[in-house]
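Spelled out from the first residue to the last, the chains are:
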Amino acid sequence: MIKFFRHIRKSLLSENKFSKYLLYAIGEIILVFIGIAMALQFNNWNETKKTREKEQQILTEIISDLEYTLEDLDRVVNTRTNNLKRTINSIQTLINVLETDKPYHDSLAYLFRASNAYDEIDFKTSGYQSLVSIGTDLVENPGLRSAIGKFHTSSINDTKGGFQEIHLDFYSYMLDYYRKKFTLVFDENSVDKLVPNDFDALKKDKEYIQSLKTFLGVNLPYLETLNRVTTEAEQLKKDIENYLAK
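Let us look at the structure shown here. (Residues numbered from 1 in each chain as written. Predicted model: local features only at pLDDT ≥ 70, side-chain atom pairs only at ≥ 80, totals over all residues. Heavy atoms only, no water.)

You can see Leu 175 is positioned in helix H6 (residues 142-180). Residue classification places Leu 175 among the buried residues on the basis of a relative accessible area of 14%. (Helix = DSSP H or I, 4+ residues; strand = E, 2+ residues; numbered from the N terminus. Buried < 20%, exposed > 50% of the residue type's maximum accessible area, 1.4 Å probe, protein only.)

The next subject is unusual backbone geometry. Backbone geometry places Asp 101, a non-glycine residue, at a positive phi of 60 degrees. Position of Asp 101 among the secondary structure elements: in the loop between helix H3 (84-99) and helix H4 (107-115). With relative accessibility at 55%, the residue Asp 101 sits in the exposed group.

With that settled, the discussion passes to the nonpolar core. One recurring pattern in soluble globular proteins is that nonpolar side chains are buried together. If you look at the biggest cluster of nonpolar residues, it comprises 55 residues, and the most contacted ones within it are Phe 112, Ile 148, Tyr 208 and Ile 240. Put simply, the parts of the chain that give this core at least two residues each are helix H2 (18-79), H3, H4, helix H5 (126-134), H6, helix H7 (199-204) and helix H8 (206-245). Considering each element in turn, this core owes the most residues, 14 residues, to H8. Ignoring anything within four residues of it in the chain, the contact list for Phe 112 reads Leu 94, Phe 182, Leu 194, Pro 196, Phe 199, Leu 202 and Tyr 208. (Core = buried A, V, L, I, M, F, W, Y, C linked by side-chain atoms within 4.5 Å. Contact = heavy atoms within 4.5 Å.)

Tallying each qualifying case throughout the model produces ten aromatic pairs. Judged by centre distance (6.2 Å) and plane angle (45 degrees), the rings of Phe 170 and Phe 215 are tilted. You can see Phe 170 sitting in helix H6 and its partner Phe 215 sitting in helix H8, a full 45 residues away along the chain. Both residues of the pair, Phe 170 and Phe 215, count as buried. Taken together through their ring pairs, the aromatic side chains of Tyr 118, Phe 163, Phe 170, Tyr 171, Tyr 178, Phe 215 and Tyr 222 make up a single cluster. (Phe/Tyr/Trp six-rings, centres within 6.5 Å; stacked < 30°, edge-to-face > 60°.)

With that settled, consider H6. Between its first and last C-alpha atoms H6 spans 55 Å; for 39 residues at 1.5 Å apiece the expected length is 57 Å, and the two agree. The largest bend along H6 measures about 50 degrees and falls at Met 174. Put simply, Asn 141 is the residue that caps the front of H6, since its side-chain oxygen is 3.0 Å from the backbone nitrogen of Gly 143. (Expected span 1.5 Å × (residues − 1). Bend = angle between axes of the 7 residues up to and from the residue. Polar contact = N/O pair within 3.5 Å; in protein donor to acceptor, adjacent residues only side chain to side chain.)

With that settled, consider the pattern of salt bridges. Opposite charge on two side chains makes pairing possible when the charged atoms of those side chains draw close. Taken as a whole, this structure holds 17 salt bridges when the rule is applied. With a closest N to O distance of 2.9 Å, Lys 237 and Glu 241 form a salt bridge. Taken together, the residues Lys 237 and Glu 241, both in helix H8 and four residues apart, mark about one turn of the helix. Accessibility expressed as a relative area gives 18% for Lys 237, which makes it buried. Judged by relative accessible area, which is 33%, Glu 241 ranks as partly exposed. Here the salt bridges share partners, and the residues they tie into one network are Asp 72, Arg 75, Arg 80 and Asp 119. (Salt bridge = Lys/Arg side-chain N within 4 Å of Asp/Glu carboxyl O.)

Purely geometric numbers; function is a separate question.
Rendered as structure tokens:
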């Protein structure tokens with residue numbers, strides 16, 4: 001093809017047809033520009049295709065991470081033996097028993113054990129970390145990009161902050177009672193029991209009862225936070241799935 005154009009060019013020059021040669025040269029330049037434009041367009045299309053494929057890959061990984069996180073949220077709130085709801089119910093029941101001077105019965109030992117139980121959420125964020133390393137602009141939809149960022153920064157940080165409050169309160173106050181006023185009994189056929197060394201003295205211990213109320217006061221907001229984060233994770237997962245389905 002190049003030899004063909006050279007032949008035409010030489011022919012026009014040899015015949016001294018400068019005006020025709022000029023038109024030919026302009027046409028050749030236009031053809032070159034068209035070729036370059038087509039090549040650039042194809043390259044842009046190919047790069048866009050690669051970007052969208054990478055976006056889909058990262059978002060699919062984020063969905064998988066959210067599924068893992070939702071399972072762990074359910075474990076901590078609902079399904080583990082001493083889950084958060086049971087911890088809160090146990091504390092509320094114990095406060096009522098201690099303040100109304102009710103007699104001791106064996107089932108209270110399980111409630112005392114559950115009242116000291118708490119757990120942290122295991123957030124899986126490998127997909128989000130991959131997105132950050134590439135650049136969050138990889139997600140084309142700005143609303144979805146913002147929602148992903150909010151969940152993985154603000155929502156997760158709020159949850160970790162709530163856990164740290166419980167953790168600090170337990171080690172600053174509850175742990176000392178746990179060690180000095182109770183005996184931990186391991187039960188092979190059931191959950192562990194925490195048996196009070198002197199139940200009558202415990203009922204009169206206003207500091208312990210107040211500590212229980214304070215511990216309840218940090219567990220209740222933690223439950224609210226986990227419920228909210230669960231709703232956010234479910235909605236974010238749904239939004240990403242709908243986006244990928246388009």
